[in-house]
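# Working through the structure, step by step
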Amino acid sequence: MIIRILGEGQYDVADHAIDKLNELDATLEAAVEKGDEASFRDALGALLDGVRTVGVAHPLDSLDESDLILPPPDATIEQVRELLAGDGLIPG
């Protein structure tokens, strides 16, 4: 799966790593639902760090289509709320 972090780049993420990312996504979604800015900031950082850790970065000039697009680290809670679907940012 190819995941893009807006403003940063794309990462190849193996299927076996998606479950861990879904856990981080669930934490982020809970923080957004509560409107808890501090927890939101920590959870967004953890999710993006998780992608960076388990993923392999694409070259910056790569034109591969992303399977998922995540917000940048400086996204607001309202911006992320708009992106959330029923399954969170990372479906599954």
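Refer to the structure presented above.
Residues numbered from 1 in each chain as written. Predicted model: local features only at pLDDT ≥ 70, side-chain atom pairs only at ≥ 80, totals over all residues. Heavy atoms only, no water.

### Quick word on helix α1 (residues 18-34)
In this model, α1 (17 residues) spans 24 Å end to end at C-alpha, consistent with the 24 Å of a helix rising 1.5 Å per residue. What α1 keeps buried is the set I18, L21, N22, L24, D25, L28, E29, A31 and V32. In this structure, the buried residues of α1 make contact with β1 (2-5), α2 (37-54) and α3 (77-83). (Helix = DSSP H or I, 4+ residues; strand = E, 2+ residues; numbered from the N terminus. Expected span 1.5 Å × (residues − 1). Buried < 20%, exposed > 50% of the residue type's maximum accessible area, 1.4 Å probe, protein only. Contact = heavy atoms within 4.5 Å.)

### Examining the packing of α1 against α2
Two elements in contact, α1 and α2, have axes separated by 8 Å at closest approach and are oriented at 160 degrees. One finds that α1 runs roughly antiparallel with respect to α2. Every pair of crossing elements has a handedness; the one defined by α1 and α2 is left-handed. The segment α1 lies against α2, with L21, L24, D25, T27, L28, A31 and V32 engaging S39, F40, A43, L44, A46, L47, G50, V51 and V54. Its residues placed into classes, the contact of α1 with α2 shows 12 nonpolar, 3 polar and 1 charged. (Axes fitted to C-alpha atoms, helices over the stretch in contact; angles between N-to-C directions. Parallel < 35°, antiparallel > 145°, perpendicular 65-115°, else oblique. Left-handed = near helix turned anticlockwise from the far one by under 90°. Nonpolar A, V, L, I, M, F, W, Y, C, P; charged D, E, K, R; others polar.)

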